[in-house]
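Residues per chain, in single letters:
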Amino acid sequence: MNKVYITTAIPYMNGSPHIGHAMDYVQADVSARYYRLLGDDVKFQVGSDEHGGKVFQKATAQGVTVEAFVDENVAKLKDFIAKLDVSYTDFVRTTNTDHIRRCQEIWRKLSEHIYKDKYEGWYCTGCERFVTDKEYEECNGVCPDHQKSYERLEEENYYFRISDFKDQIREAILADRVLILPDFRKKEILKLLEESPDVSISRPKEQLSWGVPVPGDDNQTMYVWIDALSNYITILGYPERDISDWWPATAQFVGKDILRFHAIIWPAMLLALGLPLPKTIVSHGMILVGGVKMSKSVGNVVDPVDVIERHGADAFRYYFLRHIDTFADSDFTWEKFENAYNNELANDLGNLVQRLATLMSKNDIALPSASAILPKKYQSLMEKFEFSKAFDFVWEEVQAINKRIDEEKPWMLAKNGERIKLEECLIGLARELLKVNLMLGPFLPETNEKIVEIFSGKITAPKTPLFPKN
RNA sequence: CGCGGGGUAGAGCAGCCUGGUAGCUCGUUUGGCUCAUAACCAAAAGGUCGCUAGUUCAAAUCUAGCCCCCGCAACCA
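Residues numbered from 1 in each chain as written. Chains lettered and ligands numbered in written order. Predicted model: local features only at pLDDT ≥ 70, side-chain atom pairs only at ≥ 80, totals over all residues. Heavy atoms only, no water.

J.: Sorry, what's going on with the sheet that holds strand E16 (residues 292-293) here?
T.: Sheet strands pair by backbone hydrogen bonding; their relative direction is either parallel or antiparallel. A sheet is described by the order of its strands in space; here three strands give the open sequence E16-E15-E17, paired in mixed fashion. Strands with a single pairing partner mark the edges of an open sheet, and in this sheet they are E16 and strand E17 (330-332). Relative to E17, strand E15 (residues 287-289) is paired through three bridges, and the arrangement is parallel. Bridging across to E17, Leu288 finds its partner in Asp331. (Pairing = 2+ DSSP bridges. Helix = DSSP H or I, 4+ residues; strand = E, 2+ residues; numbered from the N terminus.)

And the structure:
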């Protein structure tokens, strides 16, 4: 039995979960369920990134303690993940004491690649943060929120010497020892790697109080990188436990916006710790709405929960796994979604189940049990994380069954009393459907179970269709 | 010359690496069927493959130049 470890990015707890996070979860879940289907032992991590200034400020603004604030958001996140029907096994919180302790131990282990340096940049005393040079120029040197001029300030930070590992990382990426998907992102990362300077990994305590204290320096707090990225191994019990059963991860799912951190900083950390690199980093694109970026100010934000409440988790998973490109930016519109739901889920699949179940039920034909096997092509696509293509393949089979029913005309066989042929025909068709259903399992877990139920024992057509139309 | 992705039927995409009748899904039109959620099956209409030049017997596909859209460029998925 193979050990498979699947991870997702841990969302920052300064707000509610949104559609971008949903992509991580749904993709990772399909992989996890697929490997379970193969009989593998799967560990599937999800979690929450809870430290940092923004979380602290938000909590303060709401007049609640920061602990209460993150607890509430974590509860929301867990509820969100449950709604998506995500079969995770481990939930890691960066405020968990084990995580914090392990994180500090990791820092110590990294110490020979850590140095202290001064950072100089534009700072807003209102926001209590540095802004990038680009931001500075865009605002003409005046903070738009506070109407104050930025000040030139310097502070001391610890830095992680990425440059110690650049060559190793480049080689690993080039040789696909850490496979970055899709390929065009790999090229992007290789280019970015050359320009990646050392990364600042701490902040003065007075500026950042809500975070993991830097071991051996009371005046510094860890900035996000080591705290957040290490979650993938602290949840496994690193460093005090041997994690080689699970690490390296089979696949780490991230959004394209944070790929750079997972493909550069994270591998550098792992190399410094003497740990192997993840086998695959899968990066998905952004969801656009009507061709434009989703944003609160535009007011075009689509809440996954709305989609789920309308047609269920499987419908959500269907659209986002098949019609949203697995790797590139893709468009969501309600019209497209409803279209896919009605034409494909309801008409192609739902109706297929209905007509076949009715045919078998009317003629009192049961399905002798037989185990289906997964087609090679499907397996190969799933193992390349080509979810949308794998789904297309499954759908070709769905359509082929509908076609076969029309060609073989079982209702005619029934009318003519050709019992033997009828049984042969319907059992053959039902077996095909169960083969499809097996492949459908990782994508649409709820539907999968329903189909299994319908076609076991004495068959009766469901009273309410699998995918009811409005 | 910052890096990367893209411009193919009304819409969304595949094909381009390894040149040789331009394909898929949705939508539209017509026909068939009646087991089924007015569902299913078949057929048809619809494209100067961003522009220009070049290589070639032959280019969506290779080369060069140009135009346009989008993403990223140290922390807003």
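J.: Any chance you could explain the environment of Asn219 here in plain terms?
T.: Of note, Asn219 is situated in the loop between strand E11 (202-204) and strand E12 (220-222). Between the C-alpha atom of Asn219 and that of Lys205, which follows or precedes it by 14 residues, the distance is 5.1 Å. Ignoring sequence-local partners within four residues, the contact set of Asn219 consists of Arg203, Pro204 and Lys205. (Contact = heavy atoms within 4.5 Å.)

J.: I tried to follow the packing of aromatic side chains on my own but got confused; where do I start?
T.: When we look at a pair of aromatic rings, we describe it by the centre distance and by the angle of the planes. By the definition in use, this model includes 27 aromatic pairs. Considering the side-chain rings of Tyr5 and Trp247, the 6.1 Å spacing of their centres and the 65 degrees angle between planes classify their relative orientation as edge-to-face. With Tyr5 in strand E1 (residues 3-8) and Trp247 in the loop between helix H9 (231-234) and strand E13 (251-255), the pair connects residues that are 242 residues apart, well separated along the chain. Pairing Phe316 with Phe320 gives two aromatic rings, centres 4.2 Å apart and planes at 20 degrees, and the pair type is stacked. With Phe316 and Phe320 both in helix H12 (residues 313-323) and four residues apart, this pair spans about one turn of that helix. Both residues of the pair, Phe316 and Phe320, count as buried. One Lys or Arg, Lys43, reaches over the ring of Trp246 and ends 5.5 Å from the middle of that ring. For Arg203, the ring lying beneath its charged end belongs to Tyr223, and the centroid distance is 4.0 Å. (Phe/Tyr/Trp six-rings, centres within 6.5 Å; stacked < 30°, edge-to-face > 60°. Buried < 20%, exposed > 50% of the residue type's maximum accessible area, 1.4 Å probe, protein only. Lys NZ or Arg CZ within 6 Å of the ring centre and 35° of its normal.)

J.: Would you take a moment to explain helix H13 (residues 334-362) for this structure?
T.: Quick reminder: α-helices carry 3.6 residues per turn. Residues three or four places apart thus point the same way. The axis of H13 is deflected most strongly, by about 35 degrees, at Ala346. Of the residues one or two after H13, Asp364 is the one with positive phi, at around 55 degrees. (Bend = angle between axes of the 7 residues up to and from the residue.)

J.: In this structure, what is going on with the environment of Asp257? I would like to understand it.
T.: Within the secondary structure layout, Asp257 lies in the loop between E13 and helix H10 (259-273). Through-space distance from the C-alpha of Asp257 to that of Lys293 is 13 Å; in sequence the pair is 36 residues apart.

J.: Just checking my understanding: could you explain the side chain of Arg102 for this structure?
T.: Within the secondary structure layout, Arg102 lies in helix H4 (residues 97-110). Given a relative accessible area of 8%, Arg102 falls into the buried group. Look past the residues within four positions of Arg102 in its chain and what remains in contact with it is Thr234, Gly237, Tyr238, Pro239, Glu240 and Arg241.

J.: Please explain the nonpolar core as it appears in this structure.
T.: A general trend in soluble globular proteins is that nonpolar side chains are found buried together. One finds Ile6, Tyr378, Phe443 and Phe455 to be the most contacted residues of the largest nonpolar core, which totals 91 residues. No other element matches H13, which puts 12 residues into this core. The residues contacting Tyr378, other than those within four sequence positions of it, are Tyr34, Ala390, Phe393, Val394, Met439, Pro442 and Phe443. (Core = buried A, V, L, I, M, F, W, Y, C linked by side-chain atoms within 4.5 Å.)

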